[in-house]
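Okay, here's what each chain looks like letter by letter:
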Amino acid sequence: KQPNHPYILKLLSITYQKLQDCQAIIELQPALKKQNIFSSEELLKIESDNVRCLLKSEAKKGELESLKDTWLNLPSASRKIKHNILFYATLLIKFEQMDEAEKWIKPLFKKQPGADVISLYGKIKSSSGNKQFSFLENWLNNNPQAPNSVYLALGKIAFELSLWGKARFYLERSLRLEPSAECYFMMARTLQQLEDDDHAAECYRQGLEFVVHPTKPKQALVLAKGTDDLVEANLLPKFEKA
């Protein structure tokens, strides 16, 4: 009798949440917004949580086309929210739909993306890897204040393209600015490709230590000039000459 009564809409929203009826909550969003029942922050969280719930439910079925249809059937406004796009792209990557994921993530770079956008972009193994690498490298050159995560992303893409020198170059900078277990792992794999097995083993060790003690201060890692710098940075032990 009173479909737009604010209190009724609020109770209905809570009921749908208890029932985990994601689709119903999403369809209720326009009415909730129009009646100012929740703050903009609360409304955004409710919307995002339920989009994620709906997409995850479809992904669990293992049917890619169903997932795509669900995404395209969402309200246009929902498909423009960054967090929703990133979550959908993450699922596409799991389905190995790399080019499709890149199509959705790439436009976000026009709005000065954060580390979340760049990190996810670095996980894509595009069929046009060279173009992907050039795009991100050019973006970095035009955005000197880019998040540090861009170096790990570039290092990972370069590794997939077998650009060992570039991979080493960017991974070194990532470890210097924002060390992580993943970056140590990628650096170790890169050094193995460069047939530098001793230093690769040390990177594996450092990566394991980082997992166990992530808050322990790390000394700077320098790889660009050669192994002597590694020793000076105390990353690698000094090996006695035979």
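Analysis parameters
Residue positions are counted from 1 within each chain, in the order its sequence is given. Given that the model is predicted, a residue must reach a pLDDT of at least 70 before its local features are reported, and side-chain atom pairs must reach 80 or more before they are shown or counted; all residues, however, enter totals for whole chains, interfaces and linings. Note: side-chain values were computed over all heavy atoms of the structure, leaving out hydrogens and water. The helix count covers DSSP runs of H or I at least four residues long, the strand count covers runs of E at least two residues long, and both are numbered beginning at the N terminus. Residue burial is assigned from relative accessible area. The probe radius is 1.4 Å, only protein chains are included, and a residue is buried under 20% of its type maximum, exposed over 50%, and partly exposed in between. We call two residues in contact whenever any of their non-hydrogen atoms come within 4.5 Å of each other. Here is the rule: rings of Phe, Tyr and Trp (six-membered ring for Trp) pair when centre to centre is within 6.5 Å. Planes less than 30 degrees apart are stacked, more than 60 are edge-to-face, and the remainder are tilted. The criterion is that NZ of a Lys, or CZ of an Arg, lies within 6 Å of the ring centre and within 35 degrees of the ring normal, and then a charge sits over that ring. Confidence scores labelled pLDDT are given residue by residue by the predictor and lie between 0 and 100. Only the stretch in contact is used when fitting a helix axis, every axis being a line fitted to C-alpha atoms; angles between N-to-C directions are given from 0 to 180 degrees. Any angle that falls under 35 degrees is termed roughly parallel, while one over 145 is termed roughly antiparallel, one within 65 to 115 roughly perpendicular, and all others oblique. Here the nonpolar group is Ala, Val, Leu, Ile, Met, Phe, Trp, Tyr, Cys and Pro; Asp, Glu, Lys and Arg are the charged ones; every other residue, Gly included, is treated as polar. Each direction from the helix axis to a C-beta atom contributes to the arc, which is the arc of those directions. A pair of cysteine sulfur atoms is labelled a disulfide when the two atoms are within 2.5 Å. Side-chain atoms within 4.5 Å are what join buried Ala, Val, Leu, Ile, Met, Phe, Trp, Tyr and Cys residues into a set we call a nonpolar core. The pocket and cavity definitions rest on a 1 Å grid over protein atoms only: a 1.4 Å probe that fits but cannot leave marks a cavity, an open set with protein on both sides within 12 Å along at least five of seven lines marks a pocket, and residues lining either have an atom within 4 Å of a point. Grid points are joined across faces, edges and corners, and a volume is the space filled by probe spheres set on the points.

### Re the overall build of the chain
(1) Moving on: Looking only at helices and strands, the chain features 13 helices and zero strands.
(2) Moving on: Counting helices and strands in the order they occur from the N terminus, the chain gives α-α-α-α-α-α-α-α-α-α-α-α-α.
(3) Moving on: Taken across its 242 residues, the chain has 43% of its residues classed as buried.
(4) Moving on: Intrachain contacts of the chain at a sequence separation of at least 6 include 52% that bridge at least 24 residues.

### Details of the packing of aromatic side chains
When we look at a pair of aromatic rings, we describe it by the centre distance and by the angle of the planes.
(1) Moving on: One pass over the structure, following the stated rule, counts 13 aromatic pairs.
(2) Moving on: Considering the side-chain rings of Trp71 and Tyr88, the 4.4 Å spacing of their centres and the 5° angle between planes classify their relative orientation as stacked. Of this pair, Trp71 sits in helix α4 (residues 64–72) while Tyr88 sits in helix α5 (residues 82–94), placing them 17 residues apart in sequence. Neither Trp71 nor Tyr88 differs from the other in exposure class; each is buried.
(3) Moving on: With centroids separated by 5.2 Å and ring planes inclined at 65°, the aromatic side chains of Phe159 and Trp164 adopt a geometry described as edge-to-face.
(4) Moving on: Here Trp164 falls in the partly exposed class, since its relative accessible area comes to 22%.
(5) Moving on: By way of ring pairs, the aromatic residues Phe109, Tyr121, Phe135 and Trp139 are connected into one cluster.
(6) Moving on: A cation over a ring is seen here: Lys106 above Phe135, with NZ or CZ 4.6 Å from the ring centre.
(7) Moving on: Arg173 extends its terminal NZ or CZ atom over the ring of Phe169, reaching a point 3.7 Å from the ring centre.

### Let's talk about the confidence of the model for the chain
(1) Moving on: Across the chain, the average pLDDT comes to 87, with 88% of residues at or above 70.
(2) Moving on: With pLDDT under 50 throughout, residues 220–242 is counted as low confidence; its partners more than four residues away or in other chains account for 37 contacts.

### A word on the packing of α4 against α5
(1) Moving on: Where α4 contacts α5, the axes come no closer than 11 Å and their chain directions differ by 170°. By the criterion of interaxial angle, the relationship of α4 to α5 is roughly antiparallel. Only Asn84, Ile85, Tyr88, Leu91 and Leu92 of α5 make contact with α4, whose side of the interface consists of Leu64, Leu67, Lys68 and Trp71.
(2) Moving on: The residue inventory of the contact of α4 with α5, partitioned by class, reads seven nonpolar, one polar and one charged.

### Re helix α6 (residues 98–105)
(1) Moving on: Taken residue by residue, α6 has Met98, Ala101, Glu102, Trp104 and Ile105 as its buried positions. Taken around the axis of α6, the buried residues stretch over an arc of 165°, which confines them to a single face.
(2) Moving on: Structurally, α6 contributes buried residues whose contacts are with α4, α5, α7 (115–121) and α8 (129–142).

### A short note on the state of the cysteines
Covalent bonding between the sulfur atoms of two cysteines defines a disulfide.
(1) Moving on: If you walk through the whole model with that rule in mind, you get one disulfide.
(2) Moving on: Each disulfide pairs two cysteine sulfurs, and for Cys22 the partner residue is Cys53, the sulfurs being separated by 2.1 Å. Classification of the bridge connecting Cys22 and Cys53 rests on its S-S torsion, roughly 50°, and on that basis the disulfide is right-handed. Of this pair, Cys22 sits in helix α2 (residues 22–34) while Cys53 sits in helix α3 (residues 40–60), and the two are 31 residues apart along the sequence.
(3) Moving on: Residue Cys203 stays outside any disulfide, its sulfur separated by 8.8 Å from that of Cys183, the closest cysteine.

### Some remarks on the nonpolar core
(1) Moving on: Leu55, Ile105, Phe109, Leu136 and Val150 are the most contacted members of the largest nonpolar core, which totals 55 residues.
(2) Moving on: Counting eight residues, the second largest nonpolar core, distinct from the first, contains Ile25, Leu28, Ile37 and Phe38.

### Topic: the layout of surface pockets
(1) Moving on: If you add up the space inside the largest pocket, you get close to 340 Å³.
(2) Moving on: Forming the walls of the largest pocket are 17 residues, and the residues nearest its centre are Gln29, Lys33, Leu43, Glu47 and Ala77.
(3) Moving on: Counting residues per element, the ones that place at least two in the lining of the largest pocket are α2 and α3.
(4) Moving on: Grouping the constituent residues of the lining of the largest pocket by class yields 10 nonpolar, five polar and two charged.

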